[in-house]
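Coordinate analysis (summary)
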Amino acid sequence: QASEEASLRALESLMTEFFHNCTTNERKREIEELLNNFAQQIGAWRFCLYFLSSTRNDYVMMYSLTVFENLINKMWLGVPSQDKMEIRSCLPKLLLAQHKTLPYFIRNKLCKVIVDIGRQDWPMFYHDFFTNILQLIQSPVTTPLGLIMLKTTSEELACPREDLSVARKEELRKLLLDQVQTVLGLLTGILESIWDKHSVTAATPPPSPTSGESGDLLSSLLQSPSAAKLLNQPIPILDTESEYVCSLALECLAHLFSWIPLSTSITPSLLTTIFHFARFGCDTRARKMSSVNGSSQNSVLAQERGRLGVLAMSCINELMSKNCVPVEFEEYLLRMFQQTFYLLQKITKENNAHTVKSRLEELDESYIEKFTDFLRLFVSVHLRRIESYSQFPVVEFLALLFKYTFHQPTHEGYFSCLDIWTLFLDYLTSKIKSRLADKEAVLNRYEDALVLLLTEVLNRIQFRYNQAQLEELDDETLDDDQQTEWQRYLRQSLEVVAKVMELLPTHAFSTLFPVLQDNLDVYLGLQQFVVTSGTGHRLNITAENDCRRLHCSLRDLSSLLQAVGRLAEYFTGDVFAARFNDALTVVERLVKVTLYGSQIKLYNIETAVPSVLKPDLIDV
C-alpha cells in the first residue's frame, strides 16, 4: 500500500512537471522514457488500477488508461489468464463506481479500454461482455453509460482496425448482428418512452389557420389520417437529462445504421420515432424563445433541441445511403420518404417568399445541411425506385424542392441544391434515352417543373434581378479548381441550363434568347452615346443610376454569351438542320457584337468610361 501511494505521488509530480510550460524538451524526453519503461514492466497494470481509483489528476488517469490500452492491444496474448480475469472484473467495476464523477473524456477512454478487452475475448473468455452493456442500458440510473458503451462497441467491433484477422472480424460482426434486434428494440423503447412521457405534459397550441391544410397533405401522403394526426402533435419540451439520453440513443442508431443491412429489424415504429425527433430540427419556437428571453441557458436548450433534429436526420441519411433495399423493406422506405417530405413541406410552408427564407435562416445550419444530404440521397439512390409508386407525389416533391432551393440562406446551400437538380436532370435524361417510346409522356409530366427551374436559374445569374447577392460573390480569389466564387456560381448554373436545354431545346431557347436580345440591344445601342472630342472618343454616360443599370446589363450580357456558348452543342450534329434558323439568328447577333467590340477597342473607348464599366466592357 505504501509503495503504491509513493508511486502515485511520484507519478503525479512527474506529470505536473511534464506539462509545465517551463519544462525543457530534454527533461520531457527523460520523463517520457521513465513512463515508457514503467509501462513495459510486468504487473504495471496493478499500479495503474490503484492510480485510477485513488487519483483526481487527469494526466495520471489518462496515462494509466494508456498503459491498459497498450497491454490489451499489444501484449494481451502473453498476460496470465488469472490477471486477465482480474482486469476484466476490476475495470467494469471501476467504471460503474466512478462514471458520474469522472471527466467525460476519461470515462469515454475507460469505456474504450473495456470494449478493447471485449474485442479480444468476447464471447469465449468474456461471455457477459455484451449482456453487461444491455443491463446498463435497461437500468434508468446507468442508461447513458450503457449507450456510450454500446456506441463504442459498434465503432470498435463492427468496423475494427486492421490488427485483427479476417476470421475474427467476421466472427465479431456475426456476434453483433445476432444482437441487433434486441438492441434496436431497446433503443426504440428509450426514445418512445421519453417522447410519450413528455408529450402528455406538452401544452397544445391553438390551431393555426393552415393546420388543417397541412394535416390533409400529410393524410394524403401517409394514406392514414391517424398517422397524420400523430405527426401533427406539438413537439414536447424535454428536460436536460432526457435530451442527453435521446442524443446518445440517436448517436448509437446512426452508427448502427452505418453497417447493419436493411431488414425488418428496423421496424415502422422505430422509423416513426426517429422522424418525430427529426422534427426538433425545424422547431423554431425554442430558438425564438431563447432570443426573446436572452438567457444563455435558453440558448443552450435551443441548440440542444436543434441537435436532436440533426442526429435524427443523420440516422435517416444512413438508411438512405444504402442502395441494396430488400423487397420487404421497400414499404418502410416509402413511409420514411412520405414523412420526411411532410417535414420539407413544413419547412417551406409560407405564403410570401421572404418568410420562407427567414424561416430557413432560423434553423440550425447543420440541420439544413443534413436535410439537403437527405434530398441528394433520395434523388441519386432512390428516385428510380420510388417514382413508380402511385401514392408518392413526385411532381409535388419537385415543387417543394424548388422552394427549398431558391430560398436557401447561403450560397453554399444553393450550390448543394443545384447539384441535386443536376442529379435529377441526369436521371431524367437517362430514363428518356432508355425508354424513347415514352419520351413525350415523361417530358409532359415534368415539363412545367423544368421550365420553372430554367427560368429561375437564369434569373439568379442576372444582375438585373439579383444584383445585391451577386455582388457579394468573390470574383478575384481562385479556389483549388482555379476559378473564383462567381465563376463557380455561373458555371454550376449554366450546367443546369444546359441539361434542361438537352431535354426541352425549344423551350430553353425561347426563354434564353429574348433575355440575350435585350442585353445585346443595350450594348449595341451604346453607339449613340459615343462622342468625339479633341482627346478622342468617349462614352457620354455619367449619371450614377445610368452607370449602375449599364453595369448590370453588361455583366448579364457576359453571362448570357457564356450560356449561349455552353449550349452550342445542342445546335450541331443530328439537330443541325432542325435548329439552323435559331443558330443563324444567334450567330448574326454575335457577329455584330464582335464587330462593335472591335470598334470599342479600336477607339480605345474602354479607357474613357467610368471606372465601374471598364471591366464589364472588357468581359463582353
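Residues numbered from 1 in each chain as written. Predicted model: local features only at pLDDT ≥ 70, side-chain atom pairs only at ≥ 80, totals over all residues. Heavy atoms only, no water.

With respect to the overall build of the chain
Operational definition: Elements are defined by DSSP. Helices are runs of H or I of four residues or more, strands are runs of E of two residues or more, and each kind is numbered from the N terminus. Think of it in three bands: residues with accessible area under 20% of the maximum for their type are buried, residues over 50% are exposed, and the middle band is partly exposed, with areas taken using a 1.4 Å probe on protein chains only. The contact rule is simple, with two residues in contact once any of their heavy atoms fall within 4.5 Å.
Along the chain, the regular secondary structure elements total 27 helices and two strands. Split into buried and exposed, the 620 residues of the chain put 49% on the buried side. In the chain, 75% of the contacts between residues at least 6 apart in sequence involve partners at least 24 apart.

Quick look at the confidence of the model for the chain
Under the convention used in this document: The pLDDT value expresses, per residue, how confident the predictor is, ranging between 0 and 100.
Put simply, the chain has an average pLDDT of 85, and 88% of its residues get 70 or more. When pLDDT is averaged over each helix and strand of the chain, the minimum, 45, is found for helix α10 (residues 211-222) and the maximum, 97, for helix α7 (residues 129-138). Segment residues 286-295 is flagged for pLDDT under 50; beyond a separation of four residues in sequence, or across chains, it makes twelve contacts in the model.

Considerations on the side chain of Ser-553
As for its placement among the helices and strands, Ser-553 is situated in helix α25 (residues 544-566). Residue Ser-553 is classed as buried on the basis of its relative accessible area of 10%. For Ser-553, the contacting residues outside a window of four places in its chain are Asn-519 and Val-522.

Remarks on the packing of aromatic side chains
Rule in force here: To pair, rings of Phe, Tyr and Trp, with the six-membered ring standing in for Trp, must have centres within 6.5 Å; the planes then decide the type, stacked if under 30 degrees apart, edge-to-face if over 60, and tilted in the middle.
For the structure on display, the rule yields 33 aromatic pairs. Between the aromatic rings of Phe-47 and Phe-51, the centroid separation amounts to 6.3 Å while the plane-to-plane angle is 45°, which identifies the pairing as tilted. One end of the pair, Phe-47, and the other, Phe-51, are both in helix α3 (residues 44-54), four residues apart, so they sit about a helical turn from each other. Given the relative accessible area of 24%, Phe-47 is considered partly exposed. Of the residues examined, Phe-51 reaches a relative accessible area of 1% and is grouped as buried. Centroid distance Phe-371 to Tyr-404: 6.1 Å. Interplanar angle 40°. Geometry classified as tilted. Highlighted residues: Phe-371 in helix α18 (residues 365-386) and Tyr-404 in helix α19 (residues 394-405), separated in sequence by 33 residues. On the basis of relative accessibility, which here comes to 0%, the residue Tyr-404 falls in the buried class.

Considerations on unusual backbone geometry
A cis geometry characterises the amide bond from Trp-122 onward to Pro-123, with omega recorded as 5°. For Pro-123, the location among the structural elements is in the loop between α6 (104-121) and α7. You will see that Gln-482, though not glycine, has its phi angle at about 60°, which is positive. Relative to the elements of secondary structure, Gln-482 occurs in the loop between α22 (463-472) and α23 (485-503). Judged by its relative accessible area of 56%, Gln-482 is exposed.

Section: a nonpolar patch on the surface
Condition: Here the term patch refers to residues with relative accessible area over 30% and no salt bridge, with like charges joined within 9 Å and nonpolar side chains (Val, Leu, Ile, Met, Phe, Trp, Tyr) within 5 Å. Reported accessibility uses the Shrake-Rupley method at a 1.4 Å probe radius. Residues are deemed covered only where the shown protein chains occlude them. Salt bridges are counted wherever a side-chain nitrogen of Lys or Arg sits within 4 Å of a carboxyl oxygen of Asp or Glu.
On the surface, Phe-576, Phe-580 and Leu-584 cluster together into a nonpolar patch covering about 270 Å² of accessible area. Mapped onto the elements of the fold, Phe-576 is located in the loop between α25 and α26 (580-602). The exposure class of Phe-576 is partly exposed, given its relative accessible area of 45%.

Some details on the pattern of salt bridges
What the rule picks out here adds up to 29 salt bridges. Across the pair Lys-112 and Asp-116 runs a salt bridge whose closest N-O atoms are separated by 2.8 Å. Separated by four residues within a single helix, Lys-112 and Asp-116 lie in helix α6, roughly one turn from each other. Between Lys-433 and Glu-502 there is a salt bridge whose closest N-O contact spans 3.6 Å. Linking Lys-433 in helix α20 (residues 411-434) with Glu-502 in helix α23, this pair joins segments that are 69 residues apart in sequence.

Remarks on helix α4 (residues 58-74)
Stated precisely, the cut-off is as follows: Each residue after the first adds 1.5 Å to the expected span of a helix. Between N or O atoms, a polar contact is any pair within 3.5 Å; within protein, one atom must be a potential hydrogen donor and the other a potential acceptor, and residues adjacent in sequence are included only when both atoms are from side chains.
An ideal rise of 1.5 Å per residue puts 24 Å on 17 residues; α4 measures up with 24 Å between its terminal C-alpha atoms. Buried within α4 are the following residues: Val-60, Met-61, Tyr-63, Ser-64, Leu-65, Val-67, Phe-68, Glu-69, Leu-71 and Ile-72. N-capping of α4 is provided by Asn-57, with a side-chain oxygen placed 2.9 Å from the backbone N of Tyr-59.

Quick look at the environment of Tyr-244
Its place among the elements puts Tyr-244 in helix α12 (residues 240-257). Distance in space between the C-alpha atoms of Tyr-244 and Leu-308 is 9.2 Å, their sequence separation being 64 residues. Those residues within four positions of Tyr-244 in sequence are excluded, and the remaining contacts are Arg-107, Pro-144 and Ile-148.

With respect to the packing of α7 against helix α9 (residues 166-199)
For the record, the criterion: The axes are straight lines fitted to the C-alpha atoms, using for helices just the contacting stretch, and the angles between their N-to-C directions are given from 0 to 180°. Small angles under 35 degrees read as roughly parallel and large ones over 145 as roughly antiparallel, with 65 to 115 read as roughly perpendicular and the rest as oblique. Throughout, the ten residues Ala, Val, Leu, Ile, Met, Phe, Trp, Tyr, Cys and Pro are labelled nonpolar, Asp, Glu, Lys and Arg are labelled charged, and all others, Gly among them, are labelled polar.
Orientation of α7 relative to α9, taken along the N-to-C sense of each, is 5°, at an axis distance of 11 Å. Here α7 is positioned roughly parallel relative to α9, judged by the angle of their axes. Taking contact as the criterion, the partners of Phe-130, Leu-134, Ile-137 and Gln-138 in α7 are, on α9, Leu-176, Gln-179, Thr-182, Val-183, Leu-186 and Ile-190. When grouped by side-chain class, the residues that make up the contact of α7 with α9 number seven nonpolar, three polar and no charged.

A word on the packing of helix α2 (residues 25-40) against α4
Working note: a packed helix pair is described by the angle between its axes plus the distance between those axes. Note the cut-off: Note on convention: the crossing is left-handed when the near helix lies turned anticlockwise from the far helix by less than a right angle, right-handed when the turn is clockwise.
Viewed as axis vectors pointing N to C, α2 and α4 meet at an angle of 45°, and their least axial separation amounts to 10 Å. Here α4 runs oblique to α2, going by the angle between their axes. Both α2 and α4 take part in a crossing whose hand is right-handed. Here α2 contributes Leu-35, Phe-38, Ala-39 and Gln-40 to the contact with α4, which in turn contributes Tyr-63, Val-67 and Asn-70. Residues of the contact of α2 with α4, tallied by class, amount to five nonpolar, two polar and no charged.

Some thoughts on the side chain of Ser-493
Position of Ser-493 among the secondary structure elements: in helix α23. Residue Ser-493 is classed as buried on the basis of its relative accessible area of 0%. Ignoring sequence-local partners within four residues, the contact set of Ser-493 consists of Leu-418, Val-457 and Ile-461.

Regarding the environment of Thr-340
Counting through the fold element by element, Thr-340 comes out in helix α16 (residues 330-347). On the basis of relative accessibility, which here comes to 1%, the residue Thr-340 falls in the buried class. The spatial distance from the C-alpha of Thr-340 to the C-alpha of Phe-275 is 7.2 Å, given a sequence separation of 65 residues. Excluding its chain neighbours within four sequence positions, the residues that come into contact with Thr-340 are Phe-275, Met-313, Phe-371 and Phe-374.

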